[in-house]
Amino acid sequence: TMQSSGHRFRDVEHHPLLAENDSYDSSSSEADMAERVWFIRDGCGMVCAIMTWLLVVYADFVVTFVMLLPSKDFWYSVINGVLFNCLAVLALSSHLRTMLTDPGAVPKGNATKEYMDNLQLKPGEVIYKCPKCCSIKPERAHHCSICKRCIRKMDHHCPWVNNCVGEKNQRFFVLFTMYIALISAHALILCGFQFFSCVRGQWTECSDFSPPVTVILMIFLCLEGFLFLTFTAVMFGTQIHSICNDETEIERLKSEKPTWERRLRWEGMKSVFGGQPSLLWINPFAGFRIRRLLLRGKKGGPEFSV
């Protein structure tokens, strides 16, 4: 514990304060930081993210070219094709926004005397510093060893989206799990109808592919659909439960006693998804601005990449 400017500065480990001439610029605001692209350069995470996209593309290929296009029922093909591809676009868009959205990172290296003086803390008030990223640690923030940052309301780090799930991108992660669960269930239902149709027609004119290839492609799709449906449905339920209880997964696993006033269930949902219940809650494009993204690119690329 150190005495500084009338308040106490507490750390888990012994670590010197940053000097005033270190890399942190106290004049940079969070508004400026939000204008820059967030991307984590983690090899495992990038591989998992690419695999996610490839598996969705594989499912779309099998559904479209193996099951729907060869079908003689025009409206069956059109309706299911449009529905499946819309769900696929929504799922991948939610994945992108989860991956490229700042999850709520605390400014790195802001534990300077100048910055603490600007906080205007009460005498004797205790604040905490993260010894790993040299930042003042807000309540309910945790340090991610992969992102190398403290994340506000960090729930967990998910390699499938190559990012932490935190205060600012939890909504997109919930949408991602929901749409992947829906697309997986839809694929399994279509596989069931296709197998029934092929067996009833003795595999004649069942698909443009040969019967062995059709069976192999559909079996792989069924396995993928079952695994993804199970995983994402459980994750979706867990996330909704955490939001309603106003408790992150890390807080639950560590059995941390809440020092904050917990929100009511609907208040927690409105805090994560924004405003009153509406179709915007399930729209991953809400708040997205192409012009802002282009301006970010001109400002120098991924400021927060690590």
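Definitions and cut-offs
Residues numbered from 1 in each chain as written. Predicted model: local features only at pLDDT ≥ 70, side-chain atom pairs only at ≥ 80, totals over all residues. Heavy atoms only, no water. Helix = DSSP H or I, 4+ residues; strand = E, 2+ residues; numbered from the N terminus. Buried < 20%, exposed > 50% of the residue type's maximum accessible area, 1.4 Å probe, protein only. Contact = heavy atoms within 4.5 Å. Areas by Shrake-Rupley, 256 points an atom, 1.4 Å probe, with all protein chains shown as cover. Core = buried A, V, L, I, M, F, W, Y, C linked by side-chain atoms within 4.5 Å. Salt bridge = Lys/Arg side-chain N within 4 Å of Asp/Glu carboxyl O. UniProt positions renumbered as here; feature names shortened; annotations may be inferred. Phe/Tyr/Trp six-rings, centres within 6.5 Å; stacked < 30°, edge-to-face > 60°. pLDDT = per-residue confidence, 0-100. Pairing = 2+ DSSP bridges. Axes fitted to C-alpha atoms, helices over the stretch in contact; angles between N-to-C directions. Parallel < 35°, antiparallel > 145°, perpendicular 65-115°, else oblique. Nonpolar A, V, L, I, M, F, W, Y, C, P; charged D, E, K, R; others polar. Disulfide = S-S within 2.5 Å.

Q: Looking at this structure, I do not really get the overall build of the protein chain. What am I missing?
A: For the protein chain, the helix and strand inventory stands at nine helices and eight strands. Here the protein chain holds 306 residues, and the buried ones make up 42% of them. A fraction of 73% describes how many contacts in the protein chain between residues 6 or more apart in sequence connect residues 24 or more apart. Of the roughly 17000 Å² of accessible surface on the protein chain, a fraction of 63% belongs to carbon and sulfur atoms.

Q: Can you walk me through the nonpolar core in this structure?
A: Inside soluble globular proteins, nonpolar side chains tend to come together where they are buried. Residues V63, M67, F173, I180, L221, M269 and F273 are the most contacted members of the largest nonpolar core, which totals 38 residues. Counting only elements with at least two residues in this core, the list comes to helix 2 (43-68), helix 3 (74-100), helix 5 (170-200), helix 6 (211-245) and helix 8 (265-273). When residues in this core are grouped by element, the largest group, eleven residues, is from helix 5. Those residues in contact with M269 that sit more than four places away from it in its chain are I240, I243, C244, G274 and W281. Residues A105, C144, C147 and I151 belong to the second largest nonpolar core, which totals nine residues.

Q: Could you clarify how one ought to interpret unusual backbone geometry in this entry?
A: Phi angles above zero are rare outside glycine, and C134 is one such case at about 55°. Relative to the helices and strands, C134 resides in the loop between strand 3 (126-130) and strand 4 (135-137). Judged by relative accessible area, C134 falls into the buried class, the value being 12%.

Q: Got a minute to help me understand the pattern of salt bridges in this structure?
A: Oppositely charged side chains can form a pair if their charged atoms are brought close together. Evaluated as defined, the whole model comprises five salt bridges. Two residues, D246 and K153, come together in a salt bridge whose shortest N-O distance is 3.8 Å. Of this pair, D246 sits in the loop between helix 6 and helix 7 (249-253) while K153 sits in the loop between strand 6 (149-152) and strand 7 (156-158), and the two are 93 residues apart along the sequence. Judged by relative accessible area, which is 5%, D246 ranks as buried. Each member of the salt-bridge network shares a partner with another, and the members are R140, K153, D246 and E251.

Q: Help me out: how do you make sense of the UniProt feature "transmembrane region" (unreviewed entry) in the protein chain in this one?
A: According to UniProt, the feature "transmembrane region" (unreviewed entry) maps to residues 43-68, 74-92, 172-195 and 215-236 in the numbering used here. Between the end C-alpha atoms of residues 172-195 the distance is 34 Å, and the span holds 100% helix and 0% strand. Secondary structure content for residues 215-236 is 100% helix and 0% strand, and the end C-alpha separation is 31 Å.

Q: Whenever I open this one, the packing of aromatic side chains confuses me. Can you help?
A: In this description, a pair of aromatic rings is defined by centroid distance and the angle of the planes. The final tally for this structure, using the stated rule, is six aromatic pairs. Measuring from centroid to centroid gives 6.4 Å for F173 and F176, while their planes differ by 45°, and the two rings are tilted. Of this pair, F173 and F176 both sit in helix 5, three residues apart, roughly one helical turn. One exposure class covers both F173 and F176, and it is buried. Relative to W281, the ring of F273 has its centre 5.3 Å away and its plane inclined at 25°; by these criteria the two rings are stacked. Across the pair, exposure class does not vary: F273 and W281 are buried alike.

Q: Before we go on, may I ask you to explain the confidence of the model for the protein chain in this structure?
A: Detailed reading of the predicted coordinates is not advisable wherever pLDDT falls low. Summing up the model confidence of the protein chain, the mean pLDDT is 80 and the portion of residues at 70 or higher is 78%. For the protein chain, strand 1 (residues 2-4) is the element with the lowest average pLDDT, namely 39, and helix 3 is the one with the highest, namely 96. Confidence over residues 1-35 falls short of pLDDT 50; this stretch has 69 contacts with residues more than four positions distant or in other chains. Counted against residues more than four places away or in other chains, residues 297-306, with its pLDDT under 50, gives 21 contacts.

Q: Could you clarify how one ought to interpret the pairing of strand 3 in this entry?
A: Within a regular strand, side chains alternate between the sheet's two faces. Where strand 3 and strand 4 come together, three bridges link them in antiparallel fashion. Each residue of the ladder has a partner; that of K129, found in strand 4, is I136.

Q: It is not clear to me how the packing of helix 2 against helix 3 should be interpreted in this structure. Could you clarify?
A: How two helices pack is summed up by the angle between their axes together with the distance between the axes. Orientation of helix 2 relative to helix 3, taken along the N-to-C sense of each, is 175°, at an axis distance of 11 Å. Taken together, helix 2 and helix 3 sit at an angle that is classed as roughly antiparallel. Contacts between helix 2 and helix 3 involve A49, T52, W53, V56, A59, D60, V63, T64 and L68 from the first element and Y76, S77, N80, G81, F84, N85, A88, L92, H95, L96 and M99 from the second. Class assignment for the residues of the contact of helix 2 with helix 3 results in twelve nonpolar, seven polar and one charged.

Q: What should I look at first to understand the state of the cysteines in this one?
A: Note on terminology: disulfide describes a covalent bond linking the sulfur atoms of two cysteines. Following the criterion strictly, the structure yields zero disulfides and no others. C44 takes part in no disulfide bond, and the closest cysteine sulfur to it belongs to C48, at a distance of 4.2 Å. Considering cysteine sulfurs only, C48 is the nearest to C158, which forms no disulfide, with 8.2 Å between them.

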